[in-house]
Amino acid sequence: MSTTTIITTTLDGKHPAIYQEEIFIEQRQNGHVSNPIPPQAQTTVQTPSVMQKALLLYAAQQPYALVTDHAIPSILHKDEILIKVISIGLNPVDWKGPAFNFGLPRLPWVNGRDLAGVVVQTADTTAGSRLQKGDVVLVPSTDYRDIRKAAFQEYAVATHFNAAKIPSARCTHAAASVGVAFVAAVLALGVSLGLDFQAISECAGPNLPEILDKVNADTIPADVRHECFASRHAVERPKAGDWIAIWGASTTTGLITLQLAKKAGLKTICIADIARHGSKLHAVGADILIDRHDTSRAVEIIRGITNNKLRYAVDIVGSHTAALLQATLDPTISATDGSHAHLLGLTGLPKAQDKDERIMYHTVPIKLFHSSPEVGEAMVTWLERLLETGALELPEIIKAEGGLGGVNEALGVLRSGDASGKRIVVSLE
Ligand SMILES: NC(=O)c1ccc[n+]([C@@H]2O[C@H](COP(=O)([O-])OP(=O)(O)OC[C@H]3O[C@@H](n4cnc5c(N)ncnc54)[C@H](OP(=O)(O)O)[C@@H]3O)[C@@H](O)[C@H]2O)c1
């Protein structure tokens, strides 16, 4: 028992097939296709030439526009499946991207990072793969540069190694809430910090550094390659019994990070609004809860509890709180094994001038999930087992009304903070 102390493609007026081919070529040039095959060898499965509803973003700082004449995306690659979307989980990036004009490869664009739905088509070559027509799956759509994969539409393409089957006993809407948060948490802990999930007794997970050791590093996108191997030395990796501090533990990502860290044997310090979230965080394994509103005291408390020896910290709020977390770490380089303290920022890191050169800083190599079939499949099959066994507590959800037409209003609620850690899920049923 735990105790707790306090993606018509006629957008550009081009023929759909030409547009899709351009996407494919652009992806290969950017290293986004992990298993590139020449266009003449692609498995192209024709989808019915019917239109669907989708949300288009025509300009930054504008609301999404509901259209009814957006072509259903086509399967272009041997690993792909087509999904009829049942439910969409909303992420902060869905409003932040348009508001601050980032993550928008072109305009107009379709956004949306988390979806759940039913597989309606598979590429011929996926016959015999673990996913079949009729399976209900959740998909963290991290490959946002491929408009076919976006969630804000009635049909979306995914790769089979980025889709996890949802057990029949699990609510499809709840499952739509967890994908991106799970991917971020697993890559943060399992790749950037190198935590081994194999020893989790109730539902063993992957040892991602071991999987990455067998992956040709040249197939990993150059901009995240260094991060993917940052913790390849065993001495840098957290071991059972080590402390980890998580600032923003009540975020959806924090809730998953906390659970996985705890299950892997780490001792967890969670910084959040205790009055609002303490009970939930305690129930899923927080060892120490510290209130987020008393920031200076939080730093002192963490130092005290860890006896000034904290080596691992994850920030899920922003550069300001990442700087506070930095102050809680023991920055010295170990005289015995040369290991470092590690600070990972999901939303920012301390400013360059405030960094300590002895500390190893990390960002999440999120594109590893869709660019490496080996890593992607290890993660989604583990998620399937976690859902099947009930070992992972899913975030609470708020079901938004109005289908795609209700997304703008729901994103307003998310932006206001009123969702307070609950995932807003939009049903297309
Ligand atoms: N880099 C990546 O690839 C990646 C991937 C996933 C997420 N992210 C980022 O990670 C962040 C979290 O995403 P999410 O979807 O997990 O968020 P979310 O579930 O929408 O997070 C909402 C929670 O954040 C808490 N919060 C707000 N300000 C806080 C503060 N100063 N200290 C502590 N907690 C605070 C809120 O607490 P209260 O209820 O107390 O207000 C609320 O519980 C976002 O910035 C997102 O863009 C990045």
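What you are looking at is a predicted structure, and each value in this text was computed from that prediction instead of being measured.

Novice: In this structure, what is going on with the overall build of the protein chain? I would like to understand it.
Specialist: Across its full length, the protein chain carries 13 helices and 15 strands. Here the protein chain, with 429 residues, has 59% of them falling under the buried criterion. Summed over its atoms, the accessible surface of the protein chain is roughly 17,200 Å², and 51% of this surface lies on carbon and sulfur atoms.

Novice: What's the story with helix H12 (residues 373-389) in this structure? I'm lost.
Specialist: Think of an α-helix as turning once every 3.6 residues; residues three or four places apart then point the same way. Compared with an ideal rise of 1.5 Å per residue, which puts 17 residues at 24 Å, H12 spans 24 Å between its outermost C-alpha atoms and is within 8% of the ideal. For H12, the complete set of buried residues consists of Val375, Gly376, Ala378, Met379, Val380, Thr381, Trp382, Leu383, Glu384, Leu386 and Leu387. Here the buried face of H12 lies against strand S5 (136-140), strand S7 (164-165), helix H4 (179-192), helix H5 (208-213), helix H7 (252-263) and helix H11 (368-371). Phi turns positive one or two residues past the end of H12, at Gly390, with a value near 75°.

Novice: I would appreciate a short explanation of the nonpolar core in the present structure.
Specialist: Nonpolar side chains tend toward joint burial in soluble globular proteins. Judged by nonpolar contacts, the single largest core of 63 residues is most densely connected at Leu138, Phe182, Leu187, Phe197, Leu260, Trp382 and Leu392. With nine residues, the single largest contributor to this core is H4. Each of domain 1 (9-177 + 394-427) and domain 2 (182-362) accounts for three or more of the residues forming this core. When near neighbours in sequence (up to four residues on either side) are disregarded, Phe197 contacts Val186, Leu189, Gly190, Ala204, Gly205, Pro206, Leu260, Ala264 and Trp382. Core analysis: the next-biggest nonpolar cluster, separate from the first, contains 37 residues, Trp109, Val139, Ala156 and Ala400 among them.

Novice: I keep staring at the pairing of strand S12 (residues 342-345) and nothing clicks. Help me out?
Specialist: The side chains of a regular strand alternate between both faces of the sheet. Burial along S12 is two-sided: the face carrying His342 and Leu344 and the face carrying Leu343 and Gly345 are both buried. By the bridge criterion, four bridges tie strand S11 (residues 312-315) to S12 in an arrangement that is parallel. Along S12, the bridge assignment pairs Asp315 with Gly345. Once the chain exits S11 it traverses helix H10 (residues 319-326) before rejoining the sheet at S12, and the crossover so formed is right-handed.

Novice: Sorry, what's going on with the sheet that holds strand S10 (residues 288-291) here?
Specialist: One key point about sheets: their strands pair by backbone hydrogen bonds, in either a parallel or an antiparallel sense. Strands sit in the order S10-S9-S8-S11-S12-S13 across an open sheet of six strands; the sheet is parallel. On the outer flanks of this sheet lie S10 and strand S13 (360-362), each paired with one strand and no other. Sheet twist, expressed as the mean angle between neighbouring strand axes with direction ignored, is 15°. Most of the contacts of helix H8 (residues 274-283) go to S10, to which it runs at about 170°, and overall it touches strand S9 (267-272) and S10.

Novice: What is the right way to look at the site of the ligand in this model?
Specialist: Residues in close proximity to the ligand total 23 residues, the closest being Lys96, Thr252, Thr253, His277 and Ser420. Contact distances for the ligand include 2.7 Å between an oxygen atom and a side-chain N or O atom of His277. In this structure, Leu346 approaches the ligand through a main-chain N or O atom, which is 3.2 Å from a nitrogen atom. Coverage of the ligand by the protein amounts to 80% of the 940 Å² it exposes when considered alone. Of all the secondary structure elements, the ones that give two or more residues to the shell around the ligand are helix H2 (92-100), H4, H7 and H8. Two domains share the shell around the ligand, each providing at least three of its residues, namely domain 1 (9-177 + 394-427) and domain 2 (182-362).

Novice: Would you mind going over the packing of H4 against H7 with me for this structure?
Specialist: Two elements in contact, H4 and H7, have axes separated by 8 Å at closest approach and are oriented at 45°. As summarised for this structure, H4 and H7 are arranged oblique, according to the angle between their axes. Here H4 runs over H7; the crossing is right-handed. Contacts between H4 and H7 involve Ala181, Phe182, Ala184, Ala185, Val186 and Leu189 from the former and Thr252, Thr253, Ile256, Thr257, Leu260 and Ala261 from the latter. Residue composition of the contact of H4 with H7, grouped by class: nine nonpolar, three polar and no charged.

Conventions adopted
- Residues numbered from 1 in each chain as written.
- Predicted model: local features only at pLDDT ≥ 70, side-chain atom pairs only at ≥ 80, totals over all residues.
- Heavy atoms only, no water.
- Helix = DSSP H or I, 4+ residues; strand = E, 2+ residues; numbered from the N terminus.
- Buried < 20%, exposed > 50% of the residue type's maximum accessible area, 1.4 Å probe, protein only.
- Areas by Shrake-Rupley, 256 points an atom, 1.4 Å probe, with all protein chains shown as cover.
- Expected span 1.5 Å × (residues − 1).
- Contact = heavy atoms within 4.5 Å.
- Core = buried A, V, L, I, M, F, W, Y, C linked by side-chain atoms within 4.5 Å.
- Domains from an automatic or database assignment.
- Pairing = 2+ DSSP bridges.
- Right-handed = clockwise from strand over helix to strand, strands pointing away.
- Axes fitted to C-alpha atoms, helices over the stretch in contact; angles between N-to-C directions.
- Near = heavy atom within 4 Å.
- Polar contact = N/O pair within 3.5 Å; in protein donor to acceptor, adjacent residues only side chain to side chain.
- Parallel < 35°, antiparallel > 145°, perpendicular 65-115°, else oblique.
- Left-handed = near helix turned anticlockwise from the far one by under 90°.
- Nonpolar A, V, L, I, M, F, W, Y, C, P; charged D, E, K, R; others polar.

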